[in-house]
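Single-letter residue listing:
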Amino acid sequence: MRTYTSGHRRKRAAVIVNNKDIDVTTIRQISDEDCIVVEVNYKKKVFFASSMYFDRVSNIEEDIRKAERILTHIKGRRLLILADTNVRNKLWYDNINNERGRLFEEFLTINTLHILNENTEIPSYETARGRSWIDLTITNNILLGHITDWKIAEEESCSDHRIISFKIGEVNRDKTSIYHRA
């Protein structure tokens, strides 16, 4: 198992790879403790993946600027972002909207990004203080049809966030129309 992180302070974002046949390169110039970006190469297929953490008390516009830098770097290639956004919006099936969620929805819409989260009663985040759907799986048009079987696990994850899983493979044209766009 290989873990990819960046920066010198407390890490709040990571990419973990457990398949030795997958080649991963960290994109250091746009990675930090809260945002790791990697290029993934597997069986001659290449895409960029990012794990992001949005601090709930930070300015959401700083996180959006990080996401914009990722989009600029990948320049129209396949992209997958997995993020603990700490933003709330009914668009991704949360039960409330907040201003941070509205601003992030606007960013997603402007950049033609798609949220893969599906409507489920299982929250992605749950503690004794509350529950929400703040963990998002986001992709661009180029990778959209390649991602299937998105789900939130019901079993415990040893965290207040649940495990989210999906498959990346060949284009599934039947599935591309069911994903909603911000």
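Residues numbered from 1 in each chain as written. Predicted model: local features only at pLDDT ≥ 70, side-chain atom pairs only at ≥ 80, totals over all residues. Heavy atoms only, no water.

1. Here's the deal with the side chain of Ser 124
Then, in step 1: By the element assignment, Ser 124 lies in the loop between β7 (114-115) and β8 (125-127).
Then, in step 2: With a relative accessible area of 1%, Ser 124 lands in the buried category.
Then, in step 3: Here the side chain of Ser 124 touches Asp 135 through a polar contact of 3.0 Å, side chain to side chain.
Then, in step 4: Beyond its immediate stretch of four places on either side in the chain, Ser 124 contacts Ser 132, Trp 133, Ile 134, Asp 135, Ile 152, Asp 160, His 161, Arg 162 and Ile 164. (Helix = DSSP H or I, 4+ residues; strand = E, 2+ residues; numbered from the N terminus. Buried < 20%, exposed > 50% of the residue type's maximum accessible area, 1.4 Å probe, protein only. Polar contact = N/O pair within 3.5 Å; in protein donor to acceptor, adjacent residues only side chain to side chain. Contact = heavy atoms within 4.5 Å.)

2. Thoughts on the nonpolar core
Soluble, globular proteins show a tendency: their nonpolar side chains are buried together.
Then, in step 1: Ranked by size, the top nonpolar core spans 26 residues in total, and within it Met 52, Ile 70, Phe 104, Phe 107 and Leu 108 carry the most contacts.
Then, in step 2: Those elements that provide at least two residues to this core are β4 (35-42), β5 (45-53), α1 (60-74), β6 (79-84), α2 (99-110) and β10 (135-139).
Then, in step 3: Ranked by the residues each element gives to this core, the list is headed by α1, at six residues.
Then, in step 4: For Ile 70, the residues in contact, after removing those within four places along its chain, are Ile 30, Cys 35, Val 37, Ser 50, Met 52 and Leu 79.
Then, in step 5: The next biggest cluster of nonpolar side chains, apart from the first, holds 19 residues, and it includes Val 15, Val 40, Leu 80 and Ile 147. (Core = buried A, V, L, I, M, F, W, Y, C linked by side-chain atoms within 4.5 Å.)

3. Some details on the UniProt feature "domain: Endonuclease/exonuclease/phosphatase" (unreviewed entry) in the protein
Then, in step 1: UniProt marks residues 50-164 with the feature "domain: Endonuclease/exonuclease/phosphatase" (unreviewed entry), using the numbering shown here.
Then, in step 2: Split by type, residues 50-164 is 27% helix and 26% strand. Its first and last C-alpha atoms lie 15 Å apart. (UniProt positions renumbered as here; feature names shortened; annotations may be inferred.)

4. With respect to the confidence of the model for the protein
Then, in step 1: In this model, the protein carries an average pLDDT of 90, and 93% of its residues clear a pLDDT of 70 or more.
Then, in step 2: Residue range residues 175-182 is modelled with pLDDT below 50. Its contacts to residues more than four positions away, or to other chains, number 26 contacts. (pLDDT = per-residue confidence, 0-100.)

5. Considering α2
Then, in step 1: Compared with an ideal rise of 1.5 Å per residue, which puts twelve residues at 16 Å, α2 spans 17 Å between its outermost C-alpha atoms and is within 8% of the ideal.
Then, in step 2: Along α2, the residues classified as buried are Arg 100, Gly 101, Leu 103, Phe 104, Phe 107 and Leu 108. The buried residues of α2 occupy an angular sector of 165 degrees when projected down its axis, which confines them to one face.
Then, in step 3: If you follow the buried residues of α2, they end up packed against α1, β7 and β10.
Then, in step 4: Where α2 begins, the side chain of Asn 98 points an oxygen toward the backbone nitrogen of Arg 100, at a separation of 3.3 Å.
Then, in step 5: Of the residues flanking the end of α2, it is Thr 112, one or two places downstream, whose phi is positive at about 50 degrees. (Expected span 1.5 Å × (residues − 1). Arc of directions from axis to C-beta.)

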